Amino acid sequence: MAESPFSDFEHVMDVDFWGVVNGTKAFLPHLLAAERAHVVNMSSAFGLVGVAQHAPYNAAKFAVRGFTDSLRQDMRAAGGKVRVTAVYPGGVLTSIARSASVAPGIDAAAVARRFEGHVARTSPAAAARTILRGAARGEAKVLVGLDALLVDLVTRFTGSYHERVLDMVFRS
């Protein structure tokens, strides 16, 4: 976190959090006017657990999680015509790691190689199928990929001990 300048936090929050908020707010009046509708917001497995050297991204994805959970409760209170789903993808094999900004002193190419070689295990097509199936079922939370499922399970069932468990995984 110390290596991430404030501008990184501002940029990531502008795109990853405010993009979700602005998109949701822009369409919400139309969705509320519809007979039935569905909001699907993208968080990340990093919206379920904090990971070293990813503070700006973690902050934005946790913010999306809180916003979406609150929106879901608001829509229930408003009669439930608009369903709300939060999506938590793990590593999906896209070009995101190659185009992501990194903190000063971090080797961007090495980060991309590690992500694509060790983390990204889910194809975009499989991710899309999982998201569409979860939204069709009206699920509040859709976990995409085995890694997202494991992160969710580890954080929920090990409490604060999850940090030690994840250290073992990420440092191996």
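Refer to the structure printed above.
Residues numbered from 1 in each chain as written. Predicted model: local features only at pLDDT ≥ 70, side-chain atom pairs only at ≥ 80, totals over all residues. Heavy atoms only, no water.

Colleague: Quick question: what am I supposed to make of the overall build of the protein here?
Modeller: Along its length, the protein carries 7 helices and 3 strands. The N-to-C order of helical and strand elements in the protein reads α-β-α-β-α-α-α-β-α-α. Looking at the 172 residues of the protein, the share that counts as buried comes to 36%. Taken as a whole, the protein presents about 10,200 Å² of accessible surface, with 60% of it coming from carbon and sulfur. (Helix = DSSP H or I, 4+ residues; strand = E, 2+ residues; numbered from the N terminus. Buried < 20%, exposed > 50% of the residue type's maximum accessible area, 1.4 Å probe, protein only. Areas by Shrake-Rupley, 256 points an atom, 1.4 Å probe, with all protein chains shown as cover.)

Colleague: Even after reading the chapter, I still don't get the packing of aromatic side chains, so can you show me in this structure?
Modeller: Within a pair of aromatic rings, the relevant descriptors are the distance that separates the centres and the angle that separates the planes. Evaluated as defined, the whole model comprises 3 aromatic pairs. Plain terms: the ring middles of Phe17 and Phe67 are 6.4 Å apart, the flat faces sit at 90° to each other, and that makes the pair edge-to-face. Of this pair, Phe17 sits in helix H1 (residues 6-33) while Phe67 sits in helix H2 (residues 55-77); the two residues are 50 residues apart in sequence, bridging distant segments of the chain. Of the aromatic side chains, those joined through ring pairs into one cluster are Phe17, Trp18 and Phe67. (Phe/Tyr/Trp six-rings, centres within 6.5 Å; stacked < 30°, edge-to-face > 60°.)

Colleague: Would you mind going over H2 with me for this structure?
Modeller: It helps to recall that an α-helix has 3.6 residues per turn; residues three or four apart then point in one direction. With 23 residues, H2 should reach 33 Å at 1.5 Å per residue; the first-to-last C-alpha distance of 33 Å fits that figure. When we look at burial in H2, the residues that qualify are Pro56, Asn58, Ala60, Lys61, Val64, Phe67, Thr68, Leu71, Arg72 and Met75. (Expected span 1.5 Å × (residues − 1).)

Colleague: Quick question: what am I supposed to make of the side chain of Thr155 here?
Modeller: You can see Thr155 is positioned in helix H6 (residues 146-158). Owing to a relative accessible area of 16%, Thr155 belongs among the buried residues under this scheme. Among the polar contacts listed, one links the side chain of Thr155 to the backbone oxygen of Asp152, at a separation of 3.1 Å. Setting aside its immediate chain neighbours within four residues, Thr155 contacts Leu48, Val49 and His162. (Polar contact = N/O pair within 3.5 Å; in protein donor to acceptor, adjacent residues only side chain to side chain. Contact = heavy atoms within 4.5 Å.)

Colleague: Explain a nonpolar patch on the surface here, please?
Modeller: A surface patch of nonpolar side chains, about 500 Å² in accessible area, is lined by Leu146, Leu149, Leu150, Leu153 and Phe157. Tracing the sequence through the fold places Phe157 in helix H6. (Patch = residues over 30% accessible without salt bridge, like charges linked within 9 Å, V, L, I, M, F, W, Y side chains within 5 Å. Salt bridge = Lys/Arg side-chain N within 4 Å of Asp/Glu carboxyl O.)

Colleague: Is there a simple way to explain the nonpolar core in this structure?
Modeller: Considering soluble globular proteins, one finds that nonpolar side chains tend to be buried as a cluster. Ranked by size, the top nonpolar core spans 13 residues in total, and within it Leu31, Val39, Phe67, Leu71, Met75 and Val82 carry the most contacts. Elements represented by at least two residues in this core include exactly H1, strand S1 (37-42), H2 and strand S2 (82-89). Top element by residues in this core is H1. It accounts for 5 residues. Discounting chain neighbours no more than four positions away, the residues touching Phe67 are Phe17, Val20, Val21, Thr24 and Asn41. Formed by 7 residues, the second largest nonpolar core is a distinct cluster that contains Phe46, Val49, Tyr88 and Val151. (Core = buried A, V, L, I, M, F, W, Y, C linked by side-chain atoms within 4.5 Å.)

Colleague: Mind showing me how you'd approach the sheet that holds S1 here?
Modeller: Strands belonging to one sheet form pairs held by backbone hydrogen bonds; the direction of such a pair is parallel or antiparallel. As summarised here, the arrangement of the 3 strands in space is S1-S2-S3, forming an open sheet in which the pairing is parallel. The sheet is open, and its two edges are formed by S1 and strand S3 (141-144), each paired on a single side. Averaged over all neighbouring strand pairs, the angle between strand axes comes to 25°, with direction disregarded. Docked against the sheet, H2 engages S1 and S2, running at close to 160° with respect to S2. Sheet strands in contact with helix H5 (residues 124-136) are S1, S2 and S3, and its direction is about 165° off that of S3. (Pairing = 2+ DSSP bridges. Axes fitted to C-alpha atoms, helices over the stretch in contact; angles between N-to-C directions.)

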